[in-house]
Amino acid sequence: MTDAEIRNAFLEELTKIAPDIDPGHVGEDDHLQDNLELDSMDFLNLVTALHQRIGVDIPEVDYPKIATLALAVAYLKGRIG
């Protein structure tokens, strides 16, 4: 997957879980919980959705590595390929 494909998949899954978030306004460094106000259950749902969509296991210790869009794209790209 390309960076753009990973980014789009991440944003699509994020907006399924939190439909009030406008993907066009999500900045590369917006923190999912601090800036976008995702609660812990929504964050876990996002982890599950990403696993199902992309096929990448994200262990709890790595959650900080997907805390922003930029971090998530880099992390997922590394885990996929």
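Computed from a predicted structure; not experimentally measured.

**Points about helix 2 (residues 40-54)**
And step 1. Spanning 15 residues, helix 2 covers 21 Å between terminal C-alpha atoms, matching the ideal 21 Å at 1.5 Å per step.
And step 2. Along helix 2, the residues classified as buried are Phe-43, Leu-46, Val-47, Ala-49, Leu-50 and Ile-54. The buried residues of helix 2 occupy an angular sector of 165 degrees when the element is viewed end-on, so they sit on one face. Facing away from the buried side of helix 2, by more than 90 degrees, are the exposed residues Met-41 and Gln-52.

**With respect to unusual backbone geometry**
And step 1. Notably, Glu-37 is not glycine yet its phi reads approximately 60 degrees, a positive angle.
And step 2. Its place among the elements puts Glu-37 in the loop between helix 1 (3-17) and helix 2.
And step 3. You can call Glu-37 exposed: its relative accessible area is 68%.

What counts, and at which threshold
Residues numbered from 1 in each chain as written. Predicted model: local features only at pLDDT ≥ 70, side-chain atom pairs only at ≥ 80, totals over all residues. Heavy atoms only, no water. Helix = DSSP H or I, 4+ residues; strand = E, 2+ residues; numbered from the N terminus. Expected span 1.5 Å × (residues − 1). Buried < 20%, exposed > 50% of the residue type's maximum accessible area, 1.4 Å probe, protein only. Arc of directions from axis to C-beta.

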